[in-house]
Structure formats: structure tokens, C-alpha cells
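Read off the chains here:
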Amino acid sequence: MSKSKPPGLPPAIFLMGPTATGKTDLAIELCQALPCDIISVDSALIYKGMDIGTAKPTASEQAQAPHRLIDILDPTQSYSVAEFRRDALQAMSEISAQGRIPLLVGGTMMYYKALVDGLSPLPPSDKAIRAQLESQAAEQGWQVLHNELARIDPVAAERIHPNDPQRLIRALEVYHLTNQSMTELQKTKSDPIPYSLSQFSIVPQDRAVLHSRIAQRFETMLEQGFQTEVEQLRARGDLHLDLPSMRCVGYRQMWLYLDGQFEHKELLEKGIAATRQLAKRQLTWLRGWEKIHTLDTFAKDNLTNVIKLSKLQL
RNA sequence: GGCGGAAUGGCAGAAUGGCUAUGCAGCGGAUUGCAAAUCCGUGGAUCUCGGUUCGACUCCGGGUUCCGCCU
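Residues numbered from 1 in each chain as written. Chains lettered and ligands numbered in written order. Predicted model: local features only at pLDDT ≥ 70, side-chain atom pairs only at ≥ 80, totals over all residues. Heavy atoms only, no water.

K.L.:
What am I meant to see in the protein's contact with RNA strand B here?
P.N.:
In the vicinity of RNA strand B, 45 residues are found, and the nearest of them are Ser43, Asp164, Arg207, Arg281 and Arg287. Considering RNA strand B, the proportion of its atoms within 4 Å of the protein that are sugar or phosphate atoms stands at 58%. At 2.3 Å from a sugar or linking oxygen of RNA strand B is found a side-chain nitrogen or oxygen belonging to Asp164. Contacts to RNA strand B include Gln186, whose side-chain N or O atom sits 3.5 Å from a sugar or linking oxygen. Those elements that provide at least two residues to the surface near RNA strand B are helix H3 (81-97), helix H4 (109-117), helix H8 (165-178), helix H10 (207-223) and helix H13 (264-287). (Near = heavy atom within 4 Å. Polar contact = N/O pair within 3.5 Å; in protein donor to acceptor, adjacent residues only side chain to side chain. Helix = DSSP H or I, 4+ residues; strand = E, 2+ residues; numbered from the N terminus.)

Put into C-alpha cells, the structure is as follows:
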């Protein structure tokens, strides 16, 4: 073990990137070359029974390289960034303790963000308060809630748009739960991540190529029985479109298709478009990301480069 | 071949003489316990040639293409 960094922080590797760019393949190669253990950073792979539509690593891929934080929840459940951060840090410390390197792989960029930068001591969500705020909005309109937020937390109201129910509810919820404004609480932040990070993203250089890979992959999912997978989830009877799991890209569109909301041709269009939009948002996160090495999906020397660039910080 | 109808942005689709809708897709951005979520912003069009008119997506004529019906 080499140790060139005075603080002696253990190493960790991040492999980020939009959907359909080859993260899993490279991660498995890395595991064969370095003493790495994979931690999934993906808000959809956490769900059991959602395999085809999430492009979950196959059984044989997982046999080659076990992934942590996959299949940890039932689709009726929900997860959160804070839970992810807790679970990921736990897994990272276990891996490091064994003298191995945590390799974080996935595309849920807010999870990475929270992991690297930490979170503020905000309270967890509260179902009852959310339900109450939502019914208030249904009666009085979201503008009323926004006005209320402007009174208790003008700074947050400034940046949260009145049409953004998710953030509006969260900001009000925080206040109701703590009697302090979100802005006040966000002045405190948890410690930075105690690892020496090597961060990579993998992306095809040409957007058109990314788009065609996305289209191809969605069609492959259909061939692999994606419709049946969603039919089975529907048949359980306890799932619905308001659950985070069923709002995942592809699942939502398939659900609506099975409801008879549109034709098969539109399913294809809408599923692919939703995936492209996801990729675009992921690219937006990546564009401003600090200390990142960008790899090209089609480069032949990605493995070599990751090893070389990671060692610089080991 | 004849008759009728239609041609508007990548797609769908309004506007019948004077402010060039709108939706979807695309593109850019935001992002602190649902994030594969949620939200914000945004370029781009009247098939072609001529005519009428102060002014044409709109009215008239020629052409082209498409659709339907008939022979």
C-alpha cells in the first residue's frame, strides 16, 4: 500500500455518468484489475423486482462483481438522499476496513452530491404533514403555500418557484417540524467525506450517439420482457403511480400504456424521450462537477486511465 | 385520366385580411430526506411562382406533392 497523502485518507473511486454509457462494464473491468468493491449509486436499482427497466446488472455480472445497495427495498417503499448517504458511508467504511477500495458506480447525481458535500441537519420527511400541506394546496392553491413560505423563509421562497410543489412542501415541512426555517438550518452542514476521491464520468462525446444508444436500449428492454415485468408489478395490486418506484423512467410510461392511455408506438417514443431527458439532467449535474476526469464511452484505454489517475491520489 | 380535399416549425395542431397560438420532442438551467423526482427558461414554420390589397397563413390563378372518390 502506498501512502503519499499526509492525512492518510483511504481511497475511493467514483464512476458517474448518464444512463446507457457503459458504467457497469467499466466497473466490472475495474474490479478485475483492482481490489475494488462496488457500491451502487442509483435510486432505481434499490428496488427488488425492477430489473429489466432499470438495466440492473445481470446475475452473472453481479456474480463477477457484487454490488451493494441493489435490491434493498420493496417497490412500495421509498428511500432518501440522507438514507443513501448513511448507507453508502457505512458500506465504504466496511470496504476500506478490509483494505479494499470502494468503487461507487451509478447515475443518481444528487446522491453523489450529498455524499461529497454532506447534508444539513434537516428533519426526515413526515407523511402526515405532507398530506396536510397537499390538501391545503388542493383547496387554496399552491400560491397560498408559496406566500406562506415567503413569510417564514423569504430566502427559500425566492429560489423555490410557486409551481414546484415538491420543494415547496419540503421547505414548509421543515419549518412545521422544527420551528426553524430551512435557510437557517442549512447554515450547518455535515463534515466532508473522509476519503481521497478519484472521480470519473463516462459519456459518449456525441450527443446523437448517446441518443441512439438510449433508443436501442429501450427497444432491447422491450424484447427482454419489460412489459411482463411491469404487468407483474401491477398484478400485485399494492403499487400505484404516485410511488417513487413506479415513477421511474420507463415504468411510468409502461404503466400508462397498460392503462390504455396510449398506443404501443407512443410507448416507445415516450419511454425513449423520458430516458433522454434523464440523461440530459445527469449531464447538467456533471457539467459543473469539480475535480472530475471525463472518459469517452468508446475509448479503448479507459481502464488504464482510471487506474493511472486513481493511483496519483492513492 | 376525371372529380373533390389538403399543403403551417422535427411531429401534432390553431389562426379565413392587420398582435406569426398551443402541445410534444430538442436545447440550456436549477437541484439539501420522493431526484429515473420536481421545477424554470428557450431557438425554430406558413410547399412554389405570380396576382389582388396600404397589408396575405388567410382571397384569386398557374405549378408541385399528398390523400380520398370515380373511370
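K.L.:
Looking at this structure, I do not really get the pattern of salt bridges. What am I missing?
P.N.:
It is possible for side chains of opposite charge to pair when their charged atoms get near one another. Under the criterion given, the structure shown has 14 salt bridges. With a shortest N-O distance of 2.5 Å, Lys56 and Asp71 are connected by a salt bridge. Separated by 15 residues along the polypeptide, Lys56 in the loop between strand E2 (36-40) and helix H2 (59-64) and Asp71 in the loop between strand E3 (67-68) and H3 bring together distant segments of the chain. Here Lys56 falls in the buried class, since its relative accessible area comes to 8%. A salt bridge links Lys187 to Glu184; the shortest N-O distance between them is 3.3 Å. One network of salt bridges, with partners in common, ties together Asp51, Lys56 and Asp71. (Salt bridge = Lys/Arg side-chain N within 4 Å of Asp/Glu carboxyl O. Buried < 20%, exposed > 50% of the residue type's maximum accessible area, 1.4 Å probe, protein only.)

K.L.:
What is the right way to look at the environment of Ala27 in this model?
P.N.:
Note on placement: Ala27 falls in helix H1 (residues 23-33). As for Ala27 and Phe14, which are separated by 13 residues in sequence, their C-alpha atoms are 9.8 Å apart. If we ignore the near neighbours within four places in the chain, the residues touching Ala27 are Leu15, Ile38, Leu103 and Val105. (Contact = heavy atoms within 4.5 Å.)

K.L.:
Please explain the state of the cysteines as it appears in this structure.
P.N.:
Think of a disulfide as a covalent bridge from one cysteine sulfur atom to another cysteine sulfur atom. A full pass over the atoms with the stated rule returns zero disulfides. Distance from the sulfur of Cys31, which forms no disulfide, to the nearest cysteine sulfur (Cys36) is 5.3 Å. (Disulfide = S-S within 2.5 Å.)

K.L.:
Explain the sheet that holds strand E6 (residues 292-296) here, please?
P.N.:
Strand pairing within a sheet occurs via backbone hydrogen bonds; the two strands may be parallel or antiparallel. Taken in spatial order, the six strands of this open sheet run E3-E2-E4-E1-E5-E6, and their pairing is parallel. Only two strands of the sheet have a single partner each, and these edge strands are E3 and E6. As defined by bridge partners, strand E1 (residues 11-16) adjoins strand E4 (residues 101-105) across three bridges and the pair is classed as parallel. Paired with Ile13 across the two strands is Leu103, which belongs to E4. In the packing of H4 onto the sheet, the strands contacted are E1, E4 and strand E5 (196-203), and the crossing angle to E1 comes to about 155 degrees. Most of the contacts of helix H14 (residues 302-311) go to E5, to which it runs at about 160 degrees, and overall it touches E1, E5 and E6. (Pairing = 2+ DSSP bridges. Axes fitted to C-alpha atoms, helices over the stretch in contact; angles between N-to-C directions.)

K.L.:
Got a minute to help me understand a positive patch on the surface in this structure?
P.N.:
The grouping of Arg207, Lys280, Arg281 and Arg287 at the surface amounts to a positive patch. It is H13 that contributes the most residues to the positive patch, three residues altogether. Along the chain, Arg281 turns up in helix H13. (Patch = residues over 30% accessible without salt bridge, like charges linked within 9 Å, V, L, I, M, F, W, Y side chains within 5 Å. Areas by Shrake-Rupley, 256 points an atom, 1.4 Å probe, with all protein chains shown as cover. Lys, Arg positive; Asp, Glu negative; His and termini not counted. Charge placed at Lys NZ, Arg CZ, Asp CG, Glu CD.)

K.L.:
Even after reading the chapter, I still don't get unusual backbone geometry, so can you show me in this structure?
P.N.:
Only a minority of non-glycine residues have a phi that is not negative, and only a minority of peptide bonds are not trans. A positive phi is found at Ala55, a non-glycine position, where the angle reads about 55 degrees. Phi angles above zero are rare outside glycine, and Lys291 is one such case at about 50 degrees. Positionally, Lys291 belongs in the loop between H13 and E6. According to the relative accessible area criterion, Lys291 is exposed, its value standing at 72%.

The quantities given are spatial measurements derived from coordinates; they are silent on function.
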